[in-house]
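Per-entry structural report
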Amino acid sequence: FDHFFGLLYSNDMAPLHLYRDEQVAEEVVNHAALTRRYSEEAIDFIAANRQRPFFCYLAHTMPHVPLHAEDEFKGRSACGLYGDTIECIDHYLGRILAKLEELGIADNTLLIVTSDNGPWFEGRTAGARGRKFDVYEGGIKVPFLARWPQGIPAGTVCHEPAHLMDMLPSFVKLAGGATPTDVDGLEITGLLAGQGKSPHDCLFWYHGNGLKAVTRGKWKLHLKPQRGEYDNQREFPQLYDLEVDPDESYSFTSREPALVAELTERLRQFDAQMRPFYVEPKRGA
């Protein structure tokens, strides 16, 4: 990146300073003002670069805990302080869209709104099982909204699986570069326009002490329990049909032994491929 403004990590860590590029800008952080200030920095960056292609990555601190909202947004939502932070984000997203319109570049700007994981203590999963830190759908399935009037037909809906790591090679292609082959993601520009199939045969899900699950088409196999959820390994593996059972409540392991064996082998092969790059989490001192 050419420019940075924000925290170096989540707002529940210490010491917590606000940085501009590589220098500390403020040692005392006003958490409630971060959404506004990040958005205003993004708006200024967009305005300064409106005459050329640009990439702006706006990663809001909220709704990470501890939650804060400016006075203007406190009590606005029916969903408590968590909802107030979302109202605030939504408001400033509107400000960014208005600036793109004002500058005359909204139609040819790709705007993506998404998240890195499902909700933690608060927030809804739309009925999906699990939350942040789980590899059940509630922890890994997130909203993905893309707006690009010149490149994406209005009302396009895509049901193909993709991953946030796919953004890097896709952005490189859209910018006219050669699609990189030495990164984890795969190029999905066609999916943005609702065309073609996912380039992923399988998607693999890690957390904590190793590889936990794999998704292939409608099938999802959980090889190991989630952190703290089950100690009894006899409950695993679990095989779910996400089309008929999207909340992962009923396992088909006993009905599909051949598929379980096949997906288990895929898991093991992928884990062996990734193991040289895996760092075991440090245990607390």
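This text follows the structure it describes.
Residues numbered from 1 in each chain as written. Predicted model: local features only at pLDDT ≥ 70, side-chain atom pairs only at ≥ 80, totals over all residues. Heavy atoms only, no water.

This part takes up the overall build of the chain. In terms of regular secondary structure, the chain is built from six helices and nine strands. Its C-alpha atoms give the chain principal-axis dimensions of about 60 × 45 × 40 Å. When the 285 residues of the chain are sorted by exposure, 35% land in the buried category. Here the contacts in the chain between residues at least 6 apart in sequence split such that 48% fall between residues at least 24 apart. For the chain, the exposed area adds up to about 17500 Å²; of that, 52% sits on carbon and sulfur atoms. (Helix = DSSP H or I, 4+ residues; strand = E, 2+ residues; numbered from the N terminus. Buried < 20%, exposed > 50% of the residue type's maximum accessible area, 1.4 Å probe, protein only. Contact = heavy atoms within 4.5 Å. Areas by Shrake-Rupley, 256 points an atom, 1.4 Å probe, with all protein chains shown as cover.)

The next thing to look at is the nonpolar core. By size, the foremost hydrophobic cluster in this structure holds 12 residues: Cys-202, Phe-204, Leu-211, Val-214, Trp-219, Leu-221, Leu-239, Phe-252, Leu-259, Val-260, Leu-263 and Leu-267. Residue assignment for this core shows that the elements contributing at least two residues are β7 (210-216), β8 (219-222) and α6 (257-274). The element contributing the most residues to this core is α6, with four residues. Residues in contact with Cys-202, not counting those within four places in the same chain, are Val-214, Thr-215, Arg-216 and Arg-266. Counting residues in each nonpolar core, the second largest holds seven residues, with Phe-5, Leu-7, Leu-16 and Leu-34 among its members. (Core = buried A, V, L, I, M, F, W, Y, C linked by side-chain atoms within 4.5 Å.)

Compared with an ideal rise of 1.5 Å per residue, which puts 18 residues at 26 Å, α6 spans 26 Å between its outermost C-alpha atoms and is within 8% of the ideal. Among the residues making up α6, those that are buried are Leu-259, Val-260, Leu-263, Thr-264, Leu-267 and Asp-271. Down the axis of α6, the buried set is contained in an arc of 130°. They therefore lie on one face. Set apart from the buried face of α6 by more than 90 degrees, the exposed residues are Ala-258, Arg-268, Ala-272 and Gln-273. Of the surrounding secondary structure, the elements contacted by the buried residues of α6 are β6 (203-207), β7, β8 and β9 (238-241). (Expected span 1.5 Å × (residues − 1). Arc of directions from axis to C-beta.)

Further remarks concern the state of the cysteines. Under the counting rule described, the total for this entry stands at zero disulfides. In this structure Cys-79 is not part of a disulfide, and its nearest cysteine sulfur, from Cys-88, lies 15 Å away. Given the relative accessible area of 41%, Cys-79 is considered partly exposed. (Disulfide = S-S within 2.5 Å.)

What follows is about the pattern of salt bridges. For the structure shown, the criterion picks out 16 salt bridges. Here Glu-40 makes a salt bridge to Arg-36, at a shortest N to O gap of 3.4 Å. Residue Glu-40 and its partner Arg-36 are located together in helix α1 (residues 34-48), separated by four residues, close to a single helical turn. Accessibility expressed as a relative area gives 29% for Glu-40, which makes it partly exposed. A relative accessible area of 24% places Arg-36 in the partly exposed class. (Salt bridge = Lys/Arg side-chain N within 4 Å of Asp/Glu carboxyl O.)

Remark: α1 packs on helix α2 (residues 80-103), axes separated minimally by 10 Å, with the N-to-C direction vectors making an angle of 10°. As judged from the angle between their axes, α1 and α2 are roughly parallel. Of the two possible hands of crossing, α1 and α2 adopt the one that is right-handed. Contacts between α1 and α2 involve Thr-35, Arg-36, Ser-39, Glu-40, Ile-43, Ile-46 and Ala-47 from the first element and Cys-88, Ile-89, Tyr-92, Arg-95, Ile-96, Lys-99, Leu-100 and Leu-103 from the second. Taken together, the residues of the contact of α1 with α2 break down into nine nonpolar, two polar and four charged. (Axes fitted to C-alpha atoms, helices over the stretch in contact; angles between N-to-C directions. Parallel < 35°, antiparallel > 145°, perpendicular 65-115°, else oblique. Left-handed = near helix turned anticlockwise from the far one by under 90°. Nonpolar A, V, L, I, M, F, W, Y, C, P; charged D, E, K, R; others polar.)

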